[in-house]
Amino acid sequence: VSQNLFCKIREKMKIATLFACVSSAAAFAPSAFVPKTNMGVESSSTMAMALKDGEKVILIGVAADSGCGKSTFMRRLTNIFGGEKVGPLGGGFDNGGWETNSLVSDLTTVLCLDDYHLNDRNGRKESGLTALNPLENNFDLMYEQMKALKSGETISKPIYNHVNGTLDEPETIEPTPIVIIEGLHPMYDERVRDLLDFSLYLDISDEVKLNWKIQRDMEERGHSLESIMASIEARKPDFDAFIAPQKEFADICIEVLPTALDEEDKKTLRVRCIQKEGVDGFDPTYIFDEGAKIDWTPCGTKLSCSYPGIKFSSGPETFYGQDAQVIEMDGTMNNIQELVYLESALSNTSTKYYGELAQAMLALADAPGSDNGTGLMQTIAAFAIRELYEKRQAVARIAQEATAGVA
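What you see is a predicted model, and the numbers here were worked out from it, not measured in a lab.

Draft legend 1. The arrangement of the overall build of the protein chain in detail. The helix and strand inventory of the protein chain stands at 11 helices and 15 strands. For the protein chain, with 407 residues in total, the buried portion stands at 56%. Within the protein chain, contacts between residues separated by at least 24 positions form 71% of all contacts whose residues are at least 6 apart in sequence. With the model as given, the accessible surface of the protein chain reaches about 17,500 Å², and the carbon-plus-sulfur share is 50%.

In structure tokens, the structure reads:
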């Protein structure tokens, strides 16, 4: 974050700006991962988590800085994947289990890579390194355990306790058809990266991230602007060195930017979904005409919005030297039930029927970002991952049947 940006924000800091930040922050602020499905929680030993014959584990990596919306994205993923009995492994501490960062259903397991921190909080104070630094993370163990899960093996995974900053007793993780690893470094280590079947990066721009920090720390916690800026600047070198470079390896990168419709607007978001071409089992979404550059302002009576309006675009771009298809939404919807109109303009959404995209968004209408591009792009990405999973499982079944026929 530049000094010019700091001065500009300091000069323009008004109560109205703070209120505007509140809404934009909701799109990517961390939220409790509580999928809107059957919330009956059982321990892993009583759930039907074993892989079926011939079933392969699909490993998905989701990278982002802390507080950038990974939890909300996980909620959208599990909502689309389905699965019975979603909840914390072991029932969670409040249910007589243990403190855990892992979430499970009979179909999906979500693992937090903070569990692979090498040192506890006190250890990092002694080392003087942040958790963003690779030296504070056990990539050897991460690789060995992710490799084991992909091979259908059970692992004993460490636990990093975010409440007190300690390393707790390990927990047993059994393989499920879909395993999602989310955190700071899912694509940093080449060995782990090569295990991934699909990868995503949630990219929050400096200005939007700063607006969020102002809302949370200044408005809600009473911190000064100077202390907020100091906190951001302290993390920025490690973030730029170790986290941001992972964007290059992402199959989908979701960028969250300030609106381009009004430069003074601190509330409205512009969200871009950058989708790499040529990824096995993945066909990028586009608007109207594949390969064409499209700028589209929808009919206001069919997709209602408030000032400064709403605009969509789609077209080919180059992303780190690779061909990509980009779709963009700038603005906020007044009524997400009207999303079915937008869905009619989208192609390759990986949905099973017309209206499923709108239905999925409505199912999580209370989730942050459901009325803007963050929710839309996350939902599109979730459907793409579901289709990838189903394609990979179909290939595995065919291979198993062919092997059985030869035998």
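This is not the end of the story, as more comes after the structure.
Draft legend 2. Inspection of the packing of aromatic side chains at higher detail. Counted according to the given criterion, the structure contains 7 aromatic pairs. When the ring of F198 is compared with that of F282, the centres are 5.2 Å apart and the planes differ by 70°; the resulting orientation is edge-to-face. Taken as a pair, F198 in strand 8 (residues 198–204) and F282 in the loop between strand 10 (269–276) and strand 11 (286–287) lie far apart in primary sequence, 84 residues in all. The same class applies to F198 as to F282, namely buried. Among the aromatic side chains, those forming a connected cluster through ring pairs are F288, W296, F312 and Y341. R193 extends its terminal NZ or CZ atom over the ring of F249, reaching a point 3.7 Å from the ring centre. One Lys or Arg, K209, reaches over the ring of F239 and ends 4.1 Å from the middle of that ring.

Draft legend 3. The packing of helix 10 (residues 356–363) against helix 11 (residues 373–406), seen in detail. The interhelical angle for the contact between helix 10 and helix 11, taken along N-to-C directions, is 120°, at an axis separation of 10 Å. Between helix 10 and helix 11, the angle falls in the class oblique. Crossing geometry of helix 10 relative to helix 11 is assigned as right-handed. On helix 11, the residues that touch E356, L357, A360 and M361 of helix 10 are G375, L376, T379, I380, F383 and R386. Tallied by class, residues from the contact of helix 10 with helix 11 come to 6 nonpolar, 2 polar and 2 charged.

Rules used throughout
- Residues numbered from 1 in each chain as written.
- Predicted model: local features only at pLDDT ≥ 70, side-chain atom pairs only at ≥ 80, totals over all residues.
- Heavy atoms only, no water.
- Helix = DSSP H or I, 4+ residues; strand = E, 2+ residues; numbered from the N terminus.
- Buried < 20%, exposed > 50% of the residue type's maximum accessible area, 1.4 Å probe, protein only.
- Contact = heavy atoms within 4.5 Å.
- Areas by Shrake-Rupley, 256 points an atom, 1.4 Å probe, with all protein chains shown as cover.
- Phe/Tyr/Trp six-rings, centres within 6.5 Å; stacked < 30°, edge-to-face > 60°.
- Lys NZ or Arg CZ within 6 Å of the ring centre and 35° of its normal.
- Axes fitted to C-alpha atoms, helices over the stretch in contact; angles between N-to-C directions.
- Parallel < 35°, antiparallel > 145°, perpendicular 65-115°, else oblique.
- Left-handed = near helix turned anticlockwise from the far one by under 90°.
- Nonpolar A, V, L, I, M, F, W, Y, C, P; charged D, E, K, R; others polar.

Remember that the coordinates give geometry; whether it matters functionally is a separate question.
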